[in-house]
Amino acid sequence: DAKTTQPPSMDCAEGRAANLPCNHSTISGNEYVYWYRQIHSQGPQYIIHGLKNNETNEMASLIITEDRKSSTLILPHATLRDTAVYYCIVRVLPTQGGSEKLVFGKGTKLTVNP
Amino acid sequence: GAVVSQHPSRVICKSGTSVKIECRSLDFQATTMFWYRQFPKKSLMLMATSNEGSKATYEQGVEKDKFLINHASLTLSTLTVTSAHPEDSSFYICSASGLAGGRDTQYFGPGTRLTVL
């Protein structure tokens, strides 16, 4: 089961900032928060990840609360092409002899409106 | 950025036939590759994890004899859906895990839409 909770849908006006929340209250101290998005009928696209510090790259910013129980993905100037399902994922660390897994929840469907 | 390709992008086949889907990491070596399945309006479900040169690890409920996975090299994994049936129609997505562009994470292919008639 996914360890994250996200709102099922959000709307945003083109050009405005989109703030997508995610709750991960049971996150372990050494688990990272990853964000991916999936545009319709395509494979997921990596956006950003972080452990406890805020992160920023060319696509987005990630704000993680001090207690690490929640985070927010920020798209500073949303465009129509940002319409997608956004997944917040807690990275399950490899177990002995195992491999990394990404467990996808239902995500948030972001619709950017003109 | 890291590029993962899948081939074919779309396939239609008759019930009872087998279909092979290829997944390649084009610009980095993938020590581990993953296969997911996604039904309409649903999230991605992990089917199996494969490491180069070893047998795949299947998730609970996924039939290993039906979904054959081969990971012969650090850049290629294949998924063969054997004796496909209409209920196997789905969107199959692979991902490759490795260090690319300074990031160690999973990079996803564009997906393969399988329709079984």
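Rules used in this analysis
Residues numbered from 1 in each chain as written. Chains lettered and ligands numbered in written order. Predicted model: local features only at pLDDT ≥ 70, side-chain atom pairs only at ≥ 80, totals over all residues. Heavy atoms only, no water. Helix = DSSP H or I, 4+ residues; strand = E, 2+ residues; numbered from the N terminus. Buried < 20%, exposed > 50% of the residue type's maximum accessible area, 1.4 Å probe, protein only. Contact = heavy atoms within 4.5 Å. Areas by Shrake-Rupley, 256 points an atom, 1.4 Å probe, with all protein chains shown as cover. Lys, Arg positive; Asp, Glu negative; His and termini not counted. Charge placed at Lys NZ, Arg CZ, Asp CG, Glu CD. Buried area = accessible area lost by both parts, 1.4 Å probe. Polar contact = N/O pair within 3.5 Å; in protein donor to acceptor, adjacent residues only side chain to side chain. Nonpolar A, V, L, I, M, F, W, Y, C, P; charged D, E, K, R; others polar. Disulfide = S-S within 2.5 Å. Core = buried A, V, L, I, M, F, W, Y, C linked by side-chain atoms within 4.5 Å. Pairing = 2+ DSSP bridges.

Caption draft 1: Main features of the overall build of chain A. Along chain A, the regular secondary structure elements total 0 helices and 9 strands. Ordered by position in the sequence, the α and β elements of chain A form the string β-β-β-β-β-β-β-β-β. Taken over the C-alpha atoms alone, chain A extends approximately 50 × 30 × 25 Å along its principal axes. Counting every position in chain A, which comprises 114 residues, the buried fraction comes to 44%. A sequence separation of at least 24 residues applies to 57% of the contacts in chain A between residues at least 6 apart. For chain A, the computed accessible surface area is about 6000 Å², with 49% contributed by carbon and sulfur atoms. The average position of the 11 basic charges and that of the 10 acidic charges among the side chains of chain A differ by 3 Å.

Caption draft 2: Inspection of the interface of chain B and chain A at higher detail. Contact residues are listed per partner, giving 21 residues for chain B and 19 residues for chain A. When the two sides are added together, the surface that chain B and chain A hide from each other amounts to roughly 1500 Å², 48% of it contributed by carbon and sulfur. Where chain B meets chain A, there are 5 residue pairs in polar contact (both at pLDDT 80 or more). Taken together, the elements giving at least two residues each to the side of chain B that touches chain A come down to strand 4 (32-38), strand 5 (45-51), strand 9 (90-100) and strand 10 (103-108) of chain B. Among the elements that line the side of chain B that touches chain A, the one with the most residues is strand 10 of chain B, at 5 residues. Grouping the constituent residues of the side of chain B that touches chain A by class yields 8 nonpolar, 9 polar and 4 charged.

Caption draft 3: Just the state of the cysteines, in detail. Under the criterion given, the structure shown has 2 disulfides over all chains. Here C22 of chain A is linked by a disulfide to C88 of chain A, with a sulfur-sulfur distance of 2.1 Å. Given an S-S torsion of about -80°, the disulfide between C22 of chain A and C88 of chain A has left-handed geometry. With a gap of 66 residues between them, C22 of chain A in strand 2 (residues 18-23) and C88 of chain A in strand 8 (residues 84-90) connect regions that are remote in the sequence. The exposure class assigned to C22 of chain A is buried, which follows from its relative accessible area of 2%. A relative accessible area of 0% means that C88 of chain A is categorised as buried. A disulfide bridge connects C23 of chain B with C94 of chain B, and the sulfur atoms are separated by 2.0 Å. Across the S-S bond of C23 of chain B and C94 of chain B the torsion is about 80°, and the bridge reads as right-handed.

Caption draft 4: Geometry of the nonpolar core. The biggest cluster of nonpolar side chains holds 25 residues, and the ones touching the most others in it are V4, W35, F67, L79, Y92 and L114 of chain B. Of all the secondary-structure elements, those providing two or more residues to this core are strand 2 (10-13), strand 3 (19-25), strand 4, strand 5, strand 7 (67-73), strand 8 (76-81), strand 9 and strand 11 (112-116) of chain B. If you look at the next biggest cluster of nonpolar residues, it comprises 21 residues, including I27, W35, I47 and L62 of chain A.

Caption draft 5: Expanded view of the sheet that holds strand 5 (residues 55-56) of chain A. Residue and element names in this part refer to chain A. Spatially, the 4 strands line up as an open sheet ordered 2-7-6-5, and their pairing is antiparallel. Every other strand in the sheet has two partners, leaving strand 2 and strand 5 as the edge strands with one partner each. Relative to strand 6 (residues 61-64), strand 5 runs antiparallel, the two being bridged by 2 bridges. Note that in strand 6 the partner of T56 across the bridge is S61.

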